[in-house]
Amino acid sequence: MNQAFKHSNNQTSKKAIIPGGVTLKKTVFSMLALVLSVSLILSACGKGSDNKATNNAGTTNTESGPVEMTFFAPQGKAAWEDNTYTKHVEEKFNVKIKWDVAPADALIDRRQLLLASGDYPEVFLEGKFTHTDLLTYGKQGVFLPLNDLIEKYAPNITAMMEKKPYFKEAITATDGNIYALPRLNECYHCTFSQKFWMNKEWLDKVGLGVPTTTDELYTVLKAFKEQDPNGNGKADEIPLTGAPNKNVWNGNVDAFLMNSFIYNDNSKYLIQNDGKVEFAANQEAWKQGLIYMNKLYKDGLIDPASFTQNDQAIGQLGNREGDELVGSITTALVSYLVNPYDSKVTRHQHWVIVPPLKGPDGVQLAGASQGISEFQFALTNKASEAQQIAAIKIMDYAFSEEGALLGENGTEEGFAWKKAEADEKNIDGKPAKYSFYGIPEADPDLIRNDSWSLMGPRDLSKEFRDLFAVGQDPLAAEGYETRLAQATNEYAPYSPAEIYPSGVFIRPDDMDAASQLTTAIQDYVTSNMAQFIIGSKNIDKDWDSYVKGFEGLNLAKYLEIYGNAIKKD
C-alpha cells in the first residue's frame, strides 16, 4: 500500500505540534501494511477524478460572513481547528468549522448518544455509519437526502458516480436516496484479498513449481512435509498455515482453497447468477471442497493452529530466527508472516503468490470484494440551506485531485509529498505525478497537523493511487506495494462475472431479521467447516444433517432478504 495513505494526524509523538506539517519518518512509512491489516476498511491510497470535474465547485460566499457549522469527528493528536487543512478549507469555502470530537475508541457510542438526545451537530464528518443506520435515520428525517445537493453542487462526486457505477449503487438506498458519503477506497490489494502465498525456496529444494491445480498443491504440500526443505534434518516443517479471519485478514484456509470448488466470498456465502442470489455453503461442490481440505488435514499438511492462532503468533512463526518452518499461508498480505519492510531482512524475498488453482471440475475462481461497508459523512436536519451547500462543497472537494492530495497527505508540498521526479514511475511503470521519496526525515517528537488524513469521505480510487510513485522492484523494501499490485493482477482474470456486493442496503422491514440471520448462518458455516476439516464431524455421515440445519436457520428468508436488497424498485 502506498506511503501516501498513512494516518498522518495520528503519528506517534511527544512534544511540539507543527500546524504547517512535518515529514513522516521513513521507518513510519515502512509500517504501512500493518496499518492496512488492522484497518482494512481505513487503509487508503488514491487518485482524483482525473480533473474532468473541477477542483473547486465554487466558494461559499455570504454577505453576512463565513457559514458556521459543527462537524462531529474523532479526536486528533492536535486540535482540528488549528489544522492547516481545516484552515485551507475554511478559507476556500468561506466557512467556520466548530468541532465536536470524541475519542476514537468511543466514537460510535458518543455518536449514538448525540442522536438519541436530539442534540446532534449539523454535520457528521466521520460517523462510521452502516447501511442500517442510514435507512433508520433517513426514515426518521434526521439525515437529509443528498441527491439534489450532489447534482447542483458536487461535480466531482457526480463524475465519480458516472465513472464507477458500482459506487453510485453502493451509496444509493432502497428508497432512491443518498443519505451519506463514504471514502472510495480501491487499494491495490483489497479487491482480491483471498490470496495464497508460498515459499519458493522450498519449492526449489523439492524440485517442484508453483502449483496450478488442487492435485499439484497436494503434491507440493506433501513434499514440504516429507522432504526436509529447510534442511535441518527434523520433521518440523509446516506445509500450510493460516488463522481465523477475525484474527488475520482472510487467513482462514477455505478463503482461498474453496474457490477451486465453488465460489466463496468468505462472508455471506452468496453467489449471484443473472441477478439471482444463491447460497454456496450447502451445495455439493462445497462438500467436495471440505473433503479436499479434510484430506490435507488428515495427512498433516494443514497446521492445526490455523483454526485458533492470531496475527502475533503468525508473525512470530514466520520471522523467527533460525530455520524457516512455514511452506505456505492463506492471507491477504504476506507481511503478516514475514517482514518485507526492512532492507536488511531478506527472508520475504522468496515468498511468491500462488494464483487461483483449478479444481477437479475445472473451477478456478478468485474471491473478490466490491462495495461500500461504512459511511463517514451525513448531513442532519439541523443544517440550514447555506450549511448544506457549504458542507457538500467541502465533501466534493475531497473527491477532486487537489482536495484528495492535500486532505490526505498535507497542505504543503515538500513535507510528506512532492512532485515526482522525471524518472519516478507509478504502479504501472508510467511516469508518476507525485512522490513520497527523497523527503528528509522528521523529528519523531513532532506531531503533524496539516491534513485530515483518514477522516471523512475522499477519493482514494485506483486512479488516484496511480498518480503516485512506487518502488519498481517488488522485492525491495520500498516495493511491497508493487508486489501486492502484481499479485492482484494474477487474481483479477479469475473474478466471477457477477459479485454480490460486499455492502448493500437491506430493506427497512428486513433489517432486524437480516442481522439475526446473517450472524447465525455465518457462525453455523464457520463452526461446521472447522469440524469437517479437522474431522470431528464426518463429512459423509454428517453432511445431510448439516444441510438440513439451514432450514432451522431460515435460509430461505435469508436469501429472500439479500435478493430483495439488490432488486431495483
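These figures come from a predicted structure and were not determined experimentally.

Some points on the overall build of the protein
Working step 1: Scanning the protein from N- to C-terminus turns up 20 helices and 15 strands.
Working step 2: Residue burial in the protein is summarised as follows: out of 569 residues, 56% are buried.
Working step 3: Counting only carbon and sulfur atoms, one obtains 48% of the accessible surface of the protein, whose full area is about 23,000 Å².

Points about the state of the cysteines
Working step 1: For the coordinates displayed, the defined rule picks out 1 disulfide.
Working step 2: The disulfide partner of Cys187 is Cys190, and the S-S distance across this bridge is 1.5 Å. Looking down the S-S bond of the Cys187 and Cys190 bridge, the torsion is 100 degrees, so its handedness is right-handed. Just as Cys187 is buried, Cys190 falls in that class too.

So, the sheet that holds strand 3 (residues 95–102)
Working step 1: The sheet built from 4 strands is open, its strands ordered 3-2-4-11 with mixed pairing. In the strand order of this sheet, the two ends are held by strand 3 and strand 11 (378–379), each with one partner.
Working step 2: Judged from the 2 bridges that link them, strand 4 (residues 123–124) and strand 11 form a sheet pairing that is antiparallel. Each bridged residue has a counterpart across the sheet, and for Val123 the counterpart in strand 11 is Leu379.
Working step 3: Packing against the sheet, helix 4 (residues 107–117) makes contact with strand 2 (67–74), strand 3 and strand 4, and its axis sits at approximately 135 degrees to strand 2.
Working step 4: In the packing of helix 14 (residues 385–397) onto the sheet, the strands contacted are strand 2, strand 3, strand 4 and strand 11, and the crossing angle to strand 2 comes to about 50 degrees.

Section: the packing of aromatic side chains
The geometry of an aromatic ring pair is captured by the separation of the ring centres together with the interplanar angle, meaning the angle of the planes.
Working step 1: Enumeration according to the criterion identifies 34 aromatic pairs in this entry.
Working step 2: Their ring planes at 85 degrees and their centres at 5.3 Å tell us that Phe124 and Phe129 sit as a pair that is edge-to-face. This pair shows no difference in class: Phe124 is buried, exactly as Phe129 is.
Working step 3: Here the basic side chain of Lys295 rests over the ring of Tyr218, its NZ or CZ set 4.4 Å away from the ring centre.
Working step 4: The ring of Tyr188 carries Arg465 above its face, with NZ or CZ at 5.6 Å from the centroid.

Some details on helix 14
Working step 1: A rise of 1.5 Å per residue sets the reference length of helix 14, with its 13 residues, at 18 Å; its end C-alpha atoms lie 18 Å apart and thus fit the reference within 8%.
Working step 2: The element helix 14 is extensively covered by neighbouring structure, given that 11 of its 13 residues are classed as buried.
Working step 3: Along helix 14, the positions that sit buried rather than exposed are Gln387, Gln388, Ile389, Ala390, Ala391, Ile392, Lys393, Ile394, Met395, Asp396 and Tyr397.

Re the sheet that holds strand 9 (residues 328–330)
Working step 1: Strand order across the open sheet formed by 3 strands is 9-6-10, with antiparallel pairing between neighbours. Of all the strands in the sheet, the pair left with one neighbour each is strand 9 and strand 10 (351–353). Neighbour-to-neighbour, the strand axes of this sheet turn through a mean angle of 25 degrees, independent of strand direction.
Working step 2: Looking at chain direction, strand 6 (residues 196–199) and strand 9 are connected through 3 bridges and run antiparallel. The residue bridging Met198 from the neighbouring strand is Ser328, located in strand 9.
Working step 3: Here helix 10 (residues 214–226) sits on the sheet in contact with strand 6 and strand 9, set at roughly 45 degrees to strand 6.

With respect to the environment of Val345
Working step 1: Within the element layout of this structure, Val345 appears in the loop between strand 9 and strand 10.
Working step 2: With a relative accessible area of 27%, Val345 lands in the partly exposed category.
Working step 3: Counting along the chain gives 26 residues from Val345 to Asn319, while the straight-line C-alpha distance between them is 9.6 Å.

Here's the deal with the pairing of strand 8 (residues 276–279)
Working step 1: Because side chains alternate across strand 8, one face comprises the buried residues Val277 and Phe279, and the other comprises Lys276 and Glu278, none of which is buried.
Working step 2: The turn joining strand 7 (residues 270–273) and strand 8, which pair antiparallel and follow one another in sequence, is formed by 2 residues; a positive phi near 50 degrees is taken by Asp274.

Some thoughts on the environment of Asp133
Working step 1: Along the chain, Asp133 turns up in helix 5 (residues 131–140).
Working step 2: For Asp133, a relative accessible area of 15% puts it in the buried group.
Working step 3: For the pair Asp133 and Tyr179, spaced 46 residues apart in the sequence, the C-alpha separation amounts to 9.8 Å.
Working step 4: When residues no more than four places from it in sequence are discounted, the contact partners of Asp133 are Arg111, Lys128, Gly138 and Phe143.

Re the nonpolar core
Working step 1: Ranked by internal contacts, the top residues of the largest apolar core, which has 84 residues, are Phe279, Trp286, Leu290, Val525 and Tyr546.
Working step 2: No other element matches the 8 residues that helix 18 (residues 511–534) contributes to this core.
Working step 3: Among residues more than four places away in sequence, those in contact with Tyr546 are Ala281, Trp286, Tyr524, Val525, Asn528 and Phe532.
Working step 4: Within the second largest apolar cluster, 73 residues are counted, among which are Ala73, Leu135, Ile171 and Ala390.

About the criteria used
Residues numbered from 1 in each chain as written. Predicted model: local features only at pLDDT ≥ 70, side-chain atom pairs only at ≥ 80, totals over all residues. Heavy atoms only, no water. Helix = DSSP H or I, 4+ residues; strand = E, 2+ residues; numbered from the N terminus. Buried < 20%, exposed > 50% of the residue type's maximum accessible area, 1.4 Å probe, protein only. Areas by Shrake-Rupley, 256 points an atom, 1.4 Å probe, with all protein chains shown as cover. Disulfide = S-S within 2.5 Å. Pairing = 2+ DSSP bridges. Contact = heavy atoms within 4.5 Å. Axes fitted to C-alpha atoms, helices over the stretch in contact; angles between N-to-C directions. Phe/Tyr/Trp six-rings, centres within 6.5 Å; stacked < 30°, edge-to-face > 60°. Lys NZ or Arg CZ within 6 Å of the ring centre and 35° of its normal. Expected span 1.5 Å × (residues − 1). Core = buried A, V, L, I, M, F, W, Y, C linked by side-chain atoms within 4.5 Å.

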